[in-house]
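Here is how the chains run, residue by residue.
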Amino acid sequence: MTASPRLAPDTSMGAVTLDVADLDAMTAYYRDGVGLEVLTTQHARDGEPAMATLGRTRRDADGGAAAGIPLVVLRHAPTLRHAGPREAGLFHTAILFETQAALAAAVATVAQRHPGTFTGSSDHLVSQAFYFDDPEGNGVELYWDRDRTEWSWTHGQVEMSTLYLDPNAFLQQHLTEAALAEHASAPAVIGHVHLSVGDVATAKRFYVDELGFDLTTSYGGQAIFVSAGGYHHHMAMNVWRSQGAGRRQPALGLGRVDIVLPHTDEIGALGERLGHFGHEVRDDGRTVHVDDPWGNLLRVTVAPSA
């Protein structure tokens, strides 16, 4: 097999699809709290579920609206059950803001409009992060990255930690009226996606050895962090509450994780590589679908400009 075993350095994360019981309540959380724009809505028809796609509108050079960039897709699935607390699936969706002021505005707005959903905050050395649970229990991280020149790498692994971050002090220092006014339009992307899995060794084999991410740091047999292009992590997998979990059964929560490659020819190489390792791959030339060992669906696509 001649295909490169690594994902391209310009790989990024795309939208996260969630299967939800209450589409209106979940849309309100991500729209009115997190501050995402509703890009499209779809009513249930012809066997297709109702959906809401939220994200950001990309602007052209003249400042006009060019295209919507989906970040969170909510798919109405009221007949599904809630997943058990120890099952594999989503740990959190992490939304990355460009400035501390924009992050502060998002944190303050979620805390004000959806009180009781805040679960914690941490300084990870590479980033500052605030954690929430959405109305159906899906983890949400809102964060800001320090400049890459401030990250410390040792023997190929990035130094990360979990240090105390006072949320009130952060808001006092960074929250501004201007940032609140721009909350719904401040640049934001899916920075990373963190999964709950059954065991770390299997996660490393699939996400690093087969899919092609690079391992950036690990915490014993508890968690691994992986990325492309030297980012601190595009994805992470832990067993903190899911040790020994098997393949997922249909349930509310994570529906799909999108990964975006920069060039069309890399789709074919990835499909070939995953097929070589025995995975059932759905490949139409521009999109690859594959399940990880716990049944978490990954869709690998190509950047719109490719």
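All of these numbers come straight from a predicted model, not from anything done at the bench. Along every chain, residues carry numbers that run from 1 in the direction the sequence is written. Note on the predicted model: pLDDT of at least 70 is required for a residue's local features to be given, and 80 or more for side-chain atom pairs to be given and counted; whole-chain, interface and lining totals, by contrast, use all residues. Note: side-chain values were computed over all heavy atoms of the structure, leaving out hydrogens and water.

Peer 1: What's the story with the sheet that holds strand β5 (residues 89-97) in this structure? I'm lost.
Peer 2: Across a sheet, strands are paired by hydrogen bonds formed along the backbone, either parallel or antiparallel in direction. Paired strands are those between which DSSP finds at least two bridges. Each helix is a run of DSSP H or I of at least 4 residues and each strand a run of E of at least 2, with the numbering of both proceeding from the N terminus. The strand order across the open sheet built from nine strands is β11-β6-β7-β8-β5-β12-β15-β14-β13, with neighbouring strands paired in mixed fashion. For this open sheet the edge positions go to β11 (163-164) and β13 (214-219), each flanked by a neighbour on one side alone. Sheet topology places strand β12 (residues 188-196) next to strand β15 (residues 235-238); four bridges connect them, and they run parallel. The partner of L195 across the bridge, within β15, is M237.

Peer 1: Could you clarify how one ought to interpret the nonpolar core in this entry?
Peer 2: Formed by 69 residues in total, the largest nonpolar core has its most connected members in Y30, L142 and M235. Per-element tally for this core: the top contributor is helix α2 (residues 100-113), with seven residues. Contact definition: two residues touch when any of their heavy atoms are within 4.5 Å. Setting aside chain neighbours within four positions, we find Y30 in contact with L18, G35, L36, L54, V72, L74, D134 and V140. Nonpolar core, defined: a set of buried Ala, Val, Leu, Ile, Met, Phe, Trp, Tyr and Cys residues in which side-chain atoms within 4.5 Å join the residues together. Classification of residues uses two cut-offs on accessible area relative to the type maximum, computed with a 1.4 Å probe and protein chains only: under 20% is buried, over 50% is exposed, and between them is partly exposed. The next biggest cluster of nonpolar side chains, apart from the first, holds 13 residues, and it includes L96, V126, Y143 and W151.

Peer 1: Would you mind showing me how to read the pattern of salt bridges here?
Peer 2: A side chain with one charge can pair with a side chain of the opposite charge if their charged atoms come near. Each salt bridge in this description consists of a side-chain nitrogen of Lys or Arg and a carboxyl oxygen of Asp or Glu lying within 4 Å of one another. Per the stated rule, a full pass over the model turns up 10 salt bridges. The salt bridge involving R75 is made with D19; its shortest N-O contact spans 2.6 Å. Of this pair, R75 sits in strand β4 (residues 65-76) while D19 sits in strand β1 (residues 12-20), and the two are 56 residues apart along the sequence. For the salt bridge of D291 with R247, the shortest nitrogen-to-oxygen distance reads 2.9 Å. Of this pair, D291 sits in strand β18 (residues 288-291) while R247 sits in the loop between β15 and β16 (253-261); the two residues are 44 residues apart in sequence, bridging distant segments of the chain. Through salt bridges that share partners, R247, R282 and D291 make up one connected network.

Peer 1: Would you take a moment to explain the pairing of strand β19 (residues 297-302) for this structure?
Peer 2: Every regular strand shows the same layout, with side chains that alternate between the two sheet faces. Bridge count for β16 against β19 is five bridges, and the pairing is parallel. By the bridge assignment for β19, I259 is matched with V300. Across four bridges, β18 lies against β19 in antiparallel orientation. Within β19, the residue paired with D291 across the bridge is L297.

Peer 1: Where do I start with the pairing of β16 in this structure?
Peer 2: With respect to burial, β16 is a largely interior element, nine of its nine residues being buried. Looking at chain direction, β1 and β16 are connected through six bridges and run antiparallel. Each bridged residue has a counterpart across the sheet, and for M13 the counterpart in β16 is I259.

Peer 1: In this structure, what is going on with the environment of F118? I would like to understand it.
Peer 2: Mapping F118 onto the fold places it in strand β6 (residues 118-123). Classification of F118 by relative accessible area gives partly exposed; the value is 36%. Linking F118 and G139, residues 21 residues apart in sequence, is a C-alpha distance of 10.0 Å. When near neighbours in sequence (up to four residues on either side) are disregarded, F118 contacts F130, Y131, F132 and P167.

Peer 1: Is there a simple way to explain the packing of aromatic side chains in this structure?
Peer 2: For any pair of aromatic rings, the description rests on two quantities: the centre-to-centre distance and the angle between the ring planes. Each Phe, Tyr or Trp ring (for Trp, its six-membered ring) is paired with any other whose centre lies within 6.5 Å, and the angle between the two planes then decides the class: stacked below 30 degrees, edge-to-face above 60, tilted in between. Summed over the entire model, instances satisfying the criterion amount to seven aromatic pairs. Centre to centre, the rings of Y29 and Y30 are 5.3 Å apart; their planes meet at 75 degrees, and the pair counts as edge-to-face. Taken as a pair, Y29 and Y30 share a single burial class, namely buried. With a centroid separation of 5.5 Å and an interplanar angle of 65 degrees, the aromatic rings of F118 and F132 are classed as edge-to-face. With F118 in strand β6 and F132 in strand β7 (residues 127-133), this pair connects stretches of sequence that are 14 residues apart.

Peer 1: Teacher, can you tell me more about the packing of α2 against helix α3 (residues 167-174) here?
Peer 2: The description of two helices packed together rests on the angle between their axes and the distance between the axes. Packing of α2 against α3 leaves a shortest axis separation of 9 Å and a crossing angle of 125 degrees. When the axes of α2 and α3 are compared, the pair comes out oblique. Along this stretch, α2 crosses α3, giving a crossing that reads as left-handed. Contact with α2, carried on its side by Q100, A101, L103, A104, V107 and A108, involves F170, L171 and H174 of α3 and no other residues of that element. To get an axis, a line is fitted to the C-alpha atoms, and for a helix only the part in contact is used. The angle between two axes follows their N-to-C directions and goes from 0 to 180 degrees. By the definition adopted for this analysis, an angle is roughly parallel if under 35 degrees, roughly antiparallel if over 145, roughly perpendicular if from 65 to 115, and oblique otherwise. In this scheme the crossing of two helices becomes right-handed for a clockwise turn of the near helix relative to the far one and left-handed for an anticlockwise turn of less than a right angle.

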